Amino acid sequence: MTGVEQGGRLQVATGIRNMQQLIQLRWIAVVGQVVTILVVYYGLGIHLPLHQMLVVLACLAAFNAASRLRWRSHHVVTNGELFAVLLVDVGMLTAQLYLSGGAANPFVFLFLLQVVLGAMLLDIRSTWVLFGVTVACFIGLALFAEPLALPMDAQGGLGSPFILGLFICFALVAALTVVFVARINRNLRRRDAKLADLRQRAAEEEHIVRMGLLASGAAHELGTPLATLSVILGDWQHMAPFDSNPELQGEVSEMQAQVQRCKSIVSGILLSAGEARGESSEPTSVAEFLGEVVHDWRASRQPRAFTYDNHFGHDLPIVSDSAIQQMIHNVLDNALEASPHWLMFEVARHGDELVLTCTDAGPGFEPRMLAQFGKPYQSSKGRAGGGLGLFLVVNVARTLGGKVEARNKPEGGAIVTITLPLASIVLESEEEVDDLE
């Protein structure tokens, strides 16, 4: 999945969470209005058009139930849709206030909550439009609504129905603002943090692409001189000075072997870049593939003490992948450099995951290295370009949906664990195997 796709999904998830917050707030508004209407009508004895107000509440509840059903299956929340539902909330609030005193109703300040939510959720243009709508609604209530017969006696304190209503409205707006604005802020911060992570990953992936292009270009350039060297060395073997000298003959044979190895490395680079001709991935199995990878690495590096344990269990068919091979080689190379006397590589299966563990007896990772593990050019080796091996390991694993973790052992040494989902590497059907053969 590309960074653009992940960013799009993140925006969708954030929009849905914000819409769900509005749905929860609307249920609270329905319950709160029912309680307030009943208390004012029966407790305070203030006459209200009870039937009409309950009809408005029923419409609000029906709209909220429909919204809940829609956003359970709908996967995109646009700015226009958020603006529309906030307009519905403003309209319902205006209708209730019109029926219960208009601008003289102390709960008129609930308009402020709608403006605050709009400022949090909408773009700037929609927010100003929502502000204008609430101002127009307030003015309309002041001009056309019939005021309730409420004594606005400030001397009565909380004993005055108007002052009591103001207090309840203030407490309600303050509490809802704290709770829901905090939740929406948390959603937005979570989105921003994940977007920052996606941007970092995109930058790292771009870095890998540039490295791949450089490696591919270098491989193309090296192909011709290596082929020339191979031909010259083949001619030397049949020349008199070399043919009659076993020592020179052995050295030429060794040179030919090293040239052939260089050509194999170049072919591997081109294969990884998708530029090799006449070659394709081959079906194999987990045990066979990892066994060959470890065998090739051991034959070329010749470590003093190396332990390989395969506890994978029931074998599964996979496709040989040069990227995974190079990833394992990089991990083993780093471990061998830190611990030339001993290292161990283990293969296991945990549920639906392939777990590769490399353990060494070296000095372990420095704390700053663990904190920046997998970042490019983070190395304690003190040489230019260091740290790219583990950087590639982390990004190959991430591309396959896996992860790489590193930690130090209390008794000394380090452990690097690669976890890969089997679904990303295993062939699930015989038809897939036939397609590769």
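Here the structure is shown first, and the text comes after it.
Below is a short write-up of the structure. Along each chain, residue indices are assigned from 1 in the same order as the chain's sequence is written. Selection of residues for local features in this predicted model requires a pLDDT of at least 70, selection of side-chain atom pairs for listing and counting requires 80 or more, and totals for whole chains, interfaces and linings are taken over all residues. Here the side-chain values reflect all heavy atoms present in the structure, with hydrogen atoms and water set aside.

1. Some details on the pairing of strand β4 (residues 343-350)
Where strand β2 (residues 306-311) and β4 come together, six bridges link them in parallel fashion. Counterpart to N310 in the pairing with β4 is V347. The pairing criterion is simple: DSSP has to find at least two bridges between the two strands. Put simply, DSSP H or I for four residues or longer makes a helix, DSSP E for two residues or longer makes a strand, and each gets a number counted from the N terminus.

2. Looking at the pairing of strand β6 (residues 403-408)
Sheet topology note: the β6/strand β7 (residues 414-421) ladder contains six bridges and is antiparallel. Residue pairing in the sheet places A406 in a bridge with V416 of β7. Counted between consecutive antiparallel strands, the loop separating β6 from β7 contains five residues, among which G412 sits at a positive phi close to 115°.

3. Examining the sheet that holds β6
Spatial strand order, β2-β4-β5-β7-β6: five strands in an open sheet with mixed pairing. Pairing within the sheet leaves two strands with one partner each, and these edge strands are β2 and β6. When strand polarity is set aside, the average angle formed by the axes of neighbouring strands in this sheet is 15°. Together, β2, β4 and β5 (353-360) form the strand contacts of helix α9 (residues 286-301), whose direction differs from that of β2 by roughly 175°. Lines fitted to C-alpha atoms define the axes, with helix axes restricted to the stretch in contact, and inter-axis angles between N-to-C directions lie between 0 and 180 degrees. Residue contacts are counted whenever heavy atoms from the two residues lie within 4.5 Å of one another.

4. Some points on helix α4 (residues 110-121)
Helices are assigned an expected span. That span is 1.5 Å times one less than the residue count. Between its first and last C-alpha, α4 extends 17 Å over 12 residues, near the 16 Å set by a 1.5 Å rise per residue. Taken as a whole, α4 has its buried residues at L110, F111, L113, Q114, L117, G118 and L121. Along α4, the residues classed as buried sweep out an arc of 155° about the axis, all on the same side. Relative accessibility under 20% of the residue-type maximum defines a buried residue, over 50% an exposed one, and the middle range a partly exposed one, all with a 1.4 Å probe and only protein chains included. Think of the arc as the fan of directions from the helix axis to the C-beta atoms.

5. A few points about the packing of α4 against helix α5 (residues 124-144)
One can describe the packing of α4 onto α5 by two numbers: an axis separation of 9 Å at closest approach and a directional angle of 170°. Of the possible angle classes, the one that applies to α4 and α5 is roughly antiparallel. Residues F111, Q114, V115, G118 and A119 of α4 lie in contact with α5, whose contacting residues are T127, L130, F131, T134, C137, F138 and L141. In what follows, roughly perpendicular refers to angles from 65 to 115 degrees, roughly parallel to angles under 35, roughly antiparallel to angles over 145, and oblique to any angle outside these ranges.

6. Focus on the packing of helix α3 (residues 79-99) against α5
Between α3 and α5, the least distance of the axes is 11 Å, while the angle of their chain directions is 10°. For the element pair α3 / α5, the angle class is roughly parallel. For the pair α3 and α5, the contacting residues are N79, F83, L86, L87, V90, T94, L97 and Y98 in the first and S126, V129, L130, V133, T134, C137, L141 and F144 in the second. For the contact of α3 with α5, the class distribution of residues is 12 nonpolar, four polar and no charged. In this classification, Asp, Glu, Lys and Arg are treated as charged, Ala, Val, Leu, Ile, Met, Phe, Trp, Tyr, Cys and Pro as nonpolar, and every other residue, Gly included, as polar.

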